[in-house]
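So you can see what is in the structure, the chains are spelled out below.
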Amino acid sequence: MSNVAKRTIILAAVLCAACLVAAPAPAGGIRVLRAEDLRDAVRLYLAQREGTAAERLDLSFRSVPDSIGINAETFVLRVGMGSSTRARGPLGFVVEVVVDGQTVHRCMVTAVIRTYDTVLVADRTIPRAVTPAADDLRLLRIETTGIDRALVAALDDLAGRRTRRVITRGSILYADLFEGVPLIRQGSPVSVRVTSGSVSITAEGIACQDGRIGELIEITVPGKAGRLKAWVADDRTVAIRAD
């Protein structure tokens, strides 16, 4: 690693995305910024941008300028990702050499970033409308570069949630495969509260659908033909307004 790169690393921790170099100019006044210096600047930029998540990044450089001549005693390297918002996949990093507040050189460094993580997968087929137990799952380390869906990070995240559909053995557990466990389940007895103005009466009924608080579900009431619609009020009560 060149002296320029060493000084860059020391000062980049303070300057975040900008890396300041402040060594005396060599004879002739031309400083040479090498390819490895540019790679170091990109690595530091990612480390500061991604924080601890940078440890899960596998960075491979594709195209880096061999060298850049700079006629200045001090300069700043600024690194950015352009319009990209996620540090994954093929990326182009814009590296600017700034002297006295003016950009004197701009180059592109291209790279591919692969991400890896340990995820939960189904160790057996999990039926629909079930909250998985610990022995239903296992941990697997995989490449997550192409995954855009939110993952279930831990078993605790599934407390009070159940599967929306059957999850086959070996499937990754994504957050959108789960829903909140309903307060009222299909086929459960419910107390039906009917309100009209200031008058309220209560009857017993049966839920025809699952429901969470505030949801409208269908119910049946003995002696009443067909189904009625009622709002879920709590884990035992549904409400109908007859106004």
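Preceding this section is the structure that the text describes.
Residues numbered from 1 in each chain as written. Predicted model: local features only at pLDDT ≥ 70, side-chain atom pairs only at ≥ 80, totals over all residues. Heavy atoms only, no water.

**Q** Looking at this structure, how should I read the nonpolar core?
**A** One finds L33, L38, V42, L46, F93, V95 and V109 to be the most contacted residues of the largest nonpolar core, which totals 27 residues. Within the residue set of this core, elements represented by two or more residues are α2 (35-50), β3 (57-63), β4 (67-70), β5 (75-80), β6 (89-99) and β7 (102-122). Ranked by size, the runner-up nonpolar core spans 15 residues in total, among them I126, L137, I167 and Y174. (Core = buried A, V, L, I, M, F, W, Y, C linked by side-chain atoms within 4.5 Å. Buried < 20%, exposed > 50% of the residue type's maximum accessible area, 1.4 Å probe, protein only. Helix = DSSP H or I, 4+ residues; strand = E, 2+ residues; numbered from the N terminus.)

**Q** Would you take a moment to explain the environment of R212 for this structure?
**A** With respect to the secondary-structure elements, R212 resides in the loop between β12 (199-207) and β13 (216-220). Since its relative accessible area comes to 27%, R212 is described here as partly exposed. Distance in space between the C-alpha atoms of R212 and W231 is 9.1 Å, their sequence separation being 19 residues. In this view, R212 contacts E179, G180, V181, P182, L183 and V232; residues no more than four positions away in its chain are not counted. (Contact = heavy atoms within 4.5 Å.)

**Q** Got a minute to help me understand the sheet that holds β12 in this structure?
**A** What links the strands of a sheet is backbone hydrogen bonding, and the strands pair in either a parallel or an antiparallel sense. Read once around its circumference, the closed barrel built from 5 strands follows the order β11-β12-β13-β14-β15, with strand pairing classed as mixed. Here the strands of the sheet are splayed against their neighbours by 50° on average, with no regard to which way each runs. One ladder, built from 8 bridges, connects strand β11 (residues 189-196) with β12; its direction is antiparallel. Across the sheet, residue T195 finds its bridge partner in β12, namely S200. (Pairing = 2+ DSSP bridges. Axes fitted to C-alpha atoms, helices over the stretch in contact; angles between N-to-C directions.)

**Q** Whenever I open this one, α2 confuses me. Can you help?
**A** For an α-helix, 3.6 residues make a turn, and residues three or four places apart therefore share a direction. Compared with the 22 Å implied by 1.5 Å per residue over 16 residues, the 23 Å span of α2 between its first and last C-alpha is a close match. Every buried residue of α2 is listed here: A35, D37, L38, D40, A41, V42, L44, Y45 and L46. Backbone geometry just downstream of α2 places G51 in the positive-phi region, at approximately 65°. (Expected span 1.5 Å × (residues − 1).)

**Q** In this structure, what is going on with the pattern of salt bridges? I would like to understand it.
**A** This model, assessed by the stated rule, comprises 20 salt bridges. Linking R39 and E36 is a salt bridge whose minimum nitrogen-to-oxygen distance equals 3.0 Å. A residue pair is termed a helical-turn pair when its members lie 3 or 4 positions apart in one helix, as R39 and E36 do in helix α2 at 3 residues. For R39, a relative accessible area of 24% puts it in the partly exposed group. For E36, a relative accessible area of 30% puts it in the partly exposed group. For E215, the salt bridge identified is with R212, shortest N-O distance 3.5 Å. Taking relative accessible area as the criterion, E215 reaches 29% and is therefore assigned partly exposed. Look at the salt bridges and you will find they share partners, linking E36, R39, D40 and R43 into a network. (Salt bridge = Lys/Arg side-chain N within 4 Å of Asp/Glu carboxyl O.)

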